[in-house]
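# Coordinates in review
Read off the chains here:
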Amino acid sequence: MAARCLRRLAFPRRRPLPHAGQPGSGAGRGSRPCSGNAALQKKSPNLEVNEGIISLPRKKTWDKLAVLQALASTVKRDPTAPNYMFQDDPYLIPRTTTEFRLFSLSKESGENAARYILDKHPNLFETDIAEPHVPCLMPEKLPLQLEEVCEDALKYQIRFRKLKASVDMYDQLMQAGTSVSLETSNSLLDLLCFYGDREPDQLNSTENNSKLEQLEEASEERKKRRNWQNGNRGLKWRENNNAERIFNLMPEKNAHSYCTMIRGMVKHRAAAKAFDMYTDLLNNRLKADVHTFNALIVAASEVREKYTERWELVEDLLNQMAQQKIQPNLLTFNSVLKTLRWCGAFGKSMALRTLNEMKALNIEPSLATFDHLLGIFYKPAASSRGETEMIYEVMDEIKGKRFYPQDPDDGNFFPSAMKICLDLKDIQLAYELHNVLETAENRKMLGDIGQQTTYCGRFFTLLCMMEQLDVVMKWYKEMVPSMFYPNSQGMLDLLYALDTANHLEMIPQIWKDIKQLGHGRRPAMTEEVLALMARDTQPPETRVAFADCAADIKSFCEAQERRQTTLEWTATSLGNCTILFARAGRMQEAWNMLELFKKHNRIPSDLVMDEVLNCIKQSKEPSQALDLVKFAADFSLQSTSKLARRALEEFQLSEEQRKVLADMTAESSDNSDGE
């Protein structure tokens, strides 16, 4: 990139240095030769440039972060390091998804506690050593502690976002007959509409809860609907709130007053009220700004049911923008595309028209633009070949480009695009998308930790489905745990990849990661691990490793019994664990597992009994063979006679043992006939 930029500058060719005595050689002995670049010979109003002498600038102004940026460019991401938000301390680095949630919320709780100390004891933090100054990290300075009720005191409350105190002081001023300026009233409206007439602390608590929900393994469809239908989760515009009341009390209103109310109503899901307010704005012969039109365009899908009616409303708003000579921006077109996502097949043709209009106005699309296009043209339920071509065209457009935040929805692009790659099962397309993410600083466009986990989880699932095992393990080591913590489904996909590649000997190693990630408590996970290990007969070395893994699973499950959430043994998991011990020759451990069948009221299968008998045959213990037949007879298993026959044929039994065996077989037959 740097080389191409340098070639475009078209530097003049270097000329040979003039000898002493020639023109341009300098004005005397010892003088330095002059550069042949004419640009350097131009005189600057600040610097005196003598002909034939190079004058170096006295000072070069660098950005304050230039050195840090240069150093950061030399360091690559460490795949073994945790997320940057955590402390570089072994005890504070999360190792499971549960710890990740706990440490993340603990850090935010610590920040809130620090903020509380700053606000309660500002006199202890008067020294500011930060360069440059960071106001949000310092205590709120109280230069003027105004006791009386006046407009300056109201401005002070608004400045520090004291919502309830600001409303109370405004009411006191109105009751005292004191007029409040239009600018101050609009500032109070801005505060109320932005926070939805709720205290900022209450809003932050709601946001923290939503962050926790993002880290949970919730349904992605439900999460997507929640993100789309309301930009601010759980907060709705309340009827006759303080914003409406103060707006009605204002003796004078301007366009800013109306625009603030409209945008606040749209933000807090009161679209119908927003359009009524817009009608009042037009009746008062005022003009809305571009941000207000953007909000109304997004709200069009909430006030109209039919697709054609939604588009007609959007088109009418765009025509009004043209009449009022309001220049649309990138967010305007993104708002149009966002509304077209809720217009079905009708939105496809309108989306292309919108793109052509953007191109005519020389407006470069952002990642949110491409995300809306994918949402319009790609429908998983009915995806034809023509509709899936859009993802390839978008990929050709963004390949090699650098993006920066321009729209709040920019962070949705990479997870959505990776979902399409997963649906299409196109691994090469996923690699191209990941290369775009790795270009320059595009990784910052991935969004919050929830979106990052979603993107990496889908990418890893596709890798497990389509790639060779060595490639899958390479990406696994690179992404875990630096980029994300796989959920239970991701670890199951990895187990399926091991099964497909016929490398089941790696299961004990993967089980350690499963247990460390906190998924060992899930019954489906332990049953799958045991089933894969017990399905086929393995070489002796692998049998020993599988038996060790089964013993670890057994001890882990027993440890869970002492906790609130117990892991219940099923007949399948008990049987597979018994088979693994029997194949490894661990007779005592296999017999202990058989005892658990009685404890948990489970019935062993014929395969389990045969494997245990094979293990007894290797140890040459006829008495244990009789105990096994008696165990089968107690459960009235149909395989009791078969086990007895094998015991007679494969073991050297005494006459007394043969008689006991015949009695158990006869008793078992009578019980089965009675049933």
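Here, the structure is the one placed above.
Residues numbered from 1 in each chain as written. Predicted model: local features only at pLDDT ≥ 70, side-chain atom pairs only at ≥ 80, totals over all residues. Heavy atoms only, no water.

Another aspect to go through is the overall build of the chain. Of the regular secondary structure elements, the chain holds 33 helices and zero strands. By the burial criterion, 41% of the 675 residues in the chain qualify as buried. Within the chain, residue pairs in contact and separated by at least 24 positions form 67% of the contacts whose partners lie at least 6 positions apart. Here the chain displays about 39300 Å² of accessible surface, and carbon together with sulfur accounts for 51% of that area. (Helix = DSSP H or I, 4+ residues; strand = E, 2+ residues; numbered from the N terminus. Buried < 20%, exposed > 50% of the residue type's maximum accessible area, 1.4 Å probe, protein only. Contact = heavy atoms within 4.5 Å. Areas by Shrake-Rupley, 256 points an atom, 1.4 Å probe, with all protein chains shown as cover.)

This part is about the side chain of Asp493. The residue Asp493 is located in helix H24 (residues 488-500) in this model. Despite its burial, Asp493 remains without a salt bridge, the nearest opposite charge being carried by Arg458 at 11 Å. (Lys, Arg positive; Asp, Glu negative; His and termini not counted. Salt bridge = Lys/Arg side-chain N within 4 Å of Asp/Glu carboxyl O.)

Moving on, we get to the packing of helix H5 (residues 151-159) against helix H6 (residues 163-175). Where H5 meets H6, the closest approach of the two axes is 9 Å, and the angle between their N-to-C directions is 160 degrees. If you check the angle between H5 and H6, you find them roughly antiparallel. Where H5 crosses over H6, the handedness of that crossing is left-handed. For the pair H5 and H6, contact is made by Glu151, Ala153, Leu154, Gln157 and Ile158 and by Ala165, Ser166, Met169, Tyr170 and Leu173, respectively. (Axes fitted to C-alpha atoms, helices over the stretch in contact; angles between N-to-C directions. Parallel < 35°, antiparallel > 145°, perpendicular 65-115°, else oblique. Left-handed = near helix turned anticlockwise from the far one by under 90°.)

What follows is about helix H28 (residues 571-583). For H28, built from 13 residues, the straight-helix expectation of 18 Å at 1.5 Å per residue is met to within 8% by its first-to-last C-alpha distance of 18 Å. Most of H28 sits inside the fold, with 11 of its 13 residues counted as buried. If you follow the buried residues of H28, they end up packed against helix H26 (523-535), helix H27 (540-560), helix H29 (587-599) and helix H30 (606-619). (Expected span 1.5 Å × (residues − 1).)

Attention shifts here to the nonpolar core. Grouped together as the largest cluster of nonpolar side chains are 164 residues, with contacts concentrated most on Phe413, Phe414 and Leu495. No other element matches helix H22 (residues 449-466), which puts eight residues into this core. Filtering out sequence-adjacent residues up to four positions away, Leu495 remains in contact with Ile507, Ile510, Ile514, Met525, Glu528, Val529 and Leu532. (Core = buried A, V, L, I, M, F, W, Y, C linked by side-chain atoms within 4.5 Å.)

Take the pattern of salt bridges next. If you walk through the whole model with that rule in mind, you get 28 salt bridges. Among the salt bridges present, the one from Arg341 reaches Asp371, with a minimum N-O distance of 3.2 Å. With Arg341 in the loop between helix H16 (330-340) and helix H17 (346-360) and Asp371 in helix H18 (residues 367-377), the pair connects residues that are 30 residues apart, well separated along the chain. Per residue, the accessibility class of Arg341 equals that of Asp371, and both read buried. A salt bridge links Lys515 to Asp552; the shortest N-O distance between them is 2.9 Å. With Lys515 in helix H25 (residues 507-516) and Asp552 in helix H27, the pair connects residues that are 37 residues apart, well separated along the chain. The class of Asp552 is partly exposed, set by a relative accessible area of 23%. Here the salt bridges do not stand alone but share partners, grouping Asp610, Lys617, Lys642, Arg646 and Glu650 into one network.

Before going further, it helps to examine a nonpolar patch on the surface. Taken together, the side chains of Leu65, Val67, Leu68 and Leu71 present a nonpolar region at the surface, about 410 Å² in accessible area. Along the chain, Leu68 turns up in helix H3 (residues 66-72). Residue class for Leu68 comes out exposed when judged on its relative accessible area of 55%. (Patch = residues over 30% accessible without salt bridge, like charges linked within 9 Å, V, L, I, M, F, W, Y side chains within 5 Å.)

According to the stated counting rule, one finds zero disulfides in the structure shown. Looking at the unpaired Cys577, the closest cysteine sulfur is the one in Cys557, lying at 8.0 Å. What makes Cys577 buried here is its relative accessible area of 0%. (Disulfide = S-S within 2.5 Å.)

This part takes up the packing of H22 against helix H23 (residues 469-479). Where H22 meets H23, the closest approach of the two axes is 9 Å, and the angle between their N-to-C directions is 160 degrees. With respect to H23, the element H22 is oriented roughly antiparallel. The hand of the H22/H23 crossing is left-handed. For the pair H22 and H23, contact is made by Cys456, Phe459, Phe460, Leu463 and Cys464 and by Val472, Trp475, Tyr476 and Met479, respectively. Classifying every residue of the contact of H22 with H23 gives nine nonpolar, no polar and no charged. (Nonpolar A, V, L, I, M, F, W, Y, C, P; charged D, E, K, R; others polar.)

Moving on, we come to helix H21 (residues 427-438). In a regular helix each residue adds 1.5 Å, so 12 residues correspond to 16 Å; H21 covers 16 Å between its end C-alpha atoms and thus fits that length. Of the residues making up H21, those classed as buried are Ile427, Leu429, Ala430, Tyr431, Leu433, His434, Val436 and Leu437. Where H21 begins, the capping side chain belongs to Asp426, and its oxygen is found 3.3 Å from the backbone nitrogen of Gln428. Immediately downstream of H21, the backbone of Ala440 shows phi near 50 degrees, a positive value. (Polar contact = N/O pair within 3.5 Å; in protein donor to acceptor, adjacent residues only side chain to side chain.)

Tallied over the entire structure, the rule returns 17 aromatic pairs. Between Phe460 and Tyr476 the ring centres are 5.8 Å apart and the planes differ by 35 degrees, which places this aromatic pair in the tilted class. Remark: Tyr476 occurs in helix H23 and Phe460 occurs in helix H22; sequence separation between them is 16 residues. One aromatic cluster is present, built from ring pairs that chain together Phe370, Phe413, Phe414, Tyr431, Tyr455, Phe459 and Trp475. Taking NZ or CZ as reference, Lys267 lies 3.7 Å from the ring centre of Phe194, over its face. (Phe/Tyr/Trp six-rings, centres within 6.5 Å; stacked < 30°, edge-to-face > 60°. Lys NZ or Arg CZ within 6 Å of the ring centre and 35° of its normal.)

Moving on: unusual backbone geometry. Residue Val480 is joined to Pro481 through a cis peptide bond whose omega torsion reads 5 degrees. Secondary-structure assignment places Pro481 in the loop between H23 and H24. The phi angle at Lys620 is positive, at roughly 55 degrees, despite the residue not being glycine. Along the chain, the position of Lys620 falls in the loop between H30 and helix H31 (622-634).

Okay, the environment of Pro508 next. Within the secondary structure layout, Pro508 lies in helix H25. As for Pro508 and Thr542, which are separated by 34 residues in sequence, their C-alpha atoms are 9.6 Å apart. If near-sequence neighbours (up to four positions away) are discounted, Pro508 is found in contact with Ala545, Phe546 and Cys549.

Along the polypeptide, Asp409 turns up in the loop between helix H19 (385-398) and helix H20 (413-424). In this structure Asp409 touches Lys338, Ala368 and His372, once residues within four positions along its chain are discounted.

These results come straight from atomic positions and should not be treated as a statement about function.
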